[in-house]
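# Structural overview
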Amino acid sequence: MTTTVHTLAQTGFGTGTNDLYDRIRPSYPAESLSYIRQIPKSTAPLNIVDSSLQLAFRIGAGTGIFTRALLAHPEWATSVGTLRAVEPSDGMRDFWTKAVKDDRATIVNGTFDNTGVEDGWADLIIIAQAFHWCLDYGKAWTEFARILNKDGAVVLIWNIEDRAAAGWVTQLCARREVHEKGTPQLRQDLFRQAFSTPEYTSLFHPVEREERAYNALATEQIVTERVLSWSYISVLPPDEKAKLAEDIKVILERGDDKVWINKEEGTYQYPYKALVVVSRKM
């Protein structure tokens, strides 16, 4: 079967990028995980499909950042019956297997239109930091509807830098985005097209949204390495990465609207928003 994967998704999240991605990307607010726990109607242990790194036409579990946060959350401790992670990348699957240590969770090779999950099995499909890569929404929703049970739901979640909260974040995003080269990005709202497709409107209820502001921990190293973990940055030539790192240093030293946590230790607030979008099966 032929699948379509954006070139930068293949190379930018390919072998050799997984350690930095996992180490430097933020986890998810506990409050957002609590909100997701209230979505399923069932009080019995849930069957969950975890799709935490969406690579264009493929479902993927990535390095397991979301999986680990979910399994460690106190409200999910007795709520997960079986979690199946789906990931097409060999390197990502290998990293996930080493990072996720829970007998309830397994990972398999799979794609958007072929998850390998049986009909009506899943209570929840959770796609973290990912759905903006999707290139064929119709096939995605058709597959999701097939594997969800009658009360099931798809949950999309993103951590988003809050560029309106601080000048340095605004400047950082603008400098990084010079290198986008047309890659799909959540801020472009491209994913909203998914909710108007015939497949979506015939299979799912109108979307529900929850947005929550929070602050992650920042240092110059954290901010710089987080920028370098973006797919379209990871493939840049070394000289362009070096120039980008220099420009980031200037932005952070200027520090417009920076809120210090501990100035002596060089720690400050990194403003984020967690966006959760819920689609319930009809």
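Keep in mind the model is a prediction, meaning the values are calculated, not measured.

In terms of regular secondary structure, the protein is built from eleven helices and eight strands. Looking at the protein as a whole, 56% of its 282 residues qualify as buried. For the protein, the proportion of contacts with a sequence separation of at least 24, taken over those separated by at least 6, is 82%. Total accessible area on the protein stands at roughly 12,200 Å², and carbon and sulfur atoms take up 51% of it.

Now for unusual backbone geometry. Of note, D257 is a non-glycine position whose phi angle comes to about 65 degrees, a positive value. Structurally, the position occupied by D257 is in the loop between α11 (238–254) and β7 (260–262).

As a further point, take the side chain of N149. Here N149 is to be found in strand β5 (residues 148–161). A distance of 2.6 Å separates polar atoms of two side chains, one belonging to N149 and the other to D123. Beyond its immediate sequence surroundings of up to four residues, N149 is in contact with G120, A122, D123 and K281.

Their axes nearest at 10 Å, the elements helix α9 (residues 220–228) and α11 cross at an angle of 140 degrees. Relative to α11, the element α9 is oriented oblique. Every pair of crossing elements has a handedness; the one defined by α9 and α11 is right-handed. Residues E220, V223, T224, V227 and L228 of α9 form the contact with α11, whose own contacting residues are K241, L244, A245, I248, K249 and L252. Among the residues making up the contact of α9 with α11, the classes are represented as seven nonpolar, one polar and three charged.

Interhelical geometry of helix α7 (residues 167–177) versus α11 gives an angle of 170 degrees and a closest axis separation of 9 Å. Here α7 lies roughly antiparallel to α11, going by the angle between them. Like other packed secondary-structure pairs, α7 and α11 cross with a definite hand, here right-handed. Where α7 abuts α11, its residues W168, Q171, L172 and R175 lie against K243, L244, D247, I248, I251, L252 and R254.

Looking now at the confidence of the model for the protein. Residues of the protein with pLDDT of at least 70 account for 87%, and the chain-wide mean is 84. Within the protein, helix α1 (residues 7–12) has the poorest average pLDDT of any element, 48, and β7 the best, 98. Across residues 1–7 the pLDDT falls below 50, and counting only partners more than four positions away or on other chains, this stretch makes 17 contacts in the model. Confidence drops under a pLDDT of 50 for residues 9–14, and excluding neighbours within four residues, the segment shows 18 contacts in the predicted structure.

Residue alternation in strand β3 (residues 105–108) divides its side chains into a buried set, A105 and I107, and an unburied set, T106 and V108. Summarising the sheet, strand β2 (residues 80–86) and β3 pair through four bridges and their orientation is parallel. Its bridge partner lying in β3, V86 is registered against V108. In this view, the connection linking β2 to its parallel neighbour β3 by way of helix α5 (residues 90–99) has right-handed handedness.

Here we take up the pattern of salt bridges. Per the counting criterion, the structure on display carries 17 salt bridges. With its nearest N and O atoms 2.5 Å apart, the salt bridge here joins R146 to D119. Taken together, the residues span a long stretch of sequence, with R146 in helix α6 (residues 137–147) and D119 in the loop between β3 and β4 (122–128) at a distance of 27 residues. On the accessibility criterion, R146 (30% relative accessible area) is partly exposed. With a shortest N-O distance of 2.5 Å, R163 and E177 are connected by a salt bridge. Here R163 is found in the loop between β5 and α7, whereas its partner E177 is found in helix α7, with 14 residues between them in sequence.

Cut-offs and rules
- Residues numbered from 1 in each chain as written.
- Predicted model: local features only at pLDDT ≥ 70, side-chain atom pairs only at ≥ 80, totals over all residues.
- Heavy atoms only, no water.
- Helix = DSSP H or I, 4+ residues; strand = E, 2+ residues; numbered from the N terminus.
- Buried < 20%, exposed > 50% of the residue type's maximum accessible area, 1.4 Å probe, protein only.
- Contact = heavy atoms within 4.5 Å.
- Areas by Shrake-Rupley, 256 points an atom, 1.4 Å probe, with all protein chains shown as cover.
- Polar contact = N/O pair within 3.5 Å; in protein donor to acceptor, adjacent residues only side chain to side chain.
- Axes fitted to C-alpha atoms, helices over the stretch in contact; angles between N-to-C directions.
- Parallel < 35°, antiparallel > 145°, perpendicular 65-115°, else oblique.
- Left-handed = near helix turned anticlockwise from the far one by under 90°.
- Nonpolar A, V, L, I, M, F, W, Y, C, P; charged D, E, K, R; others polar.
- pLDDT = per-residue confidence, 0-100.
- Pairing = 2+ DSSP bridges.
- Right-handed = clockwise from strand over helix to strand, strands pointing away.
- Salt bridge = Lys/Arg side-chain N within 4 Å of Asp/Glu carboxyl O.

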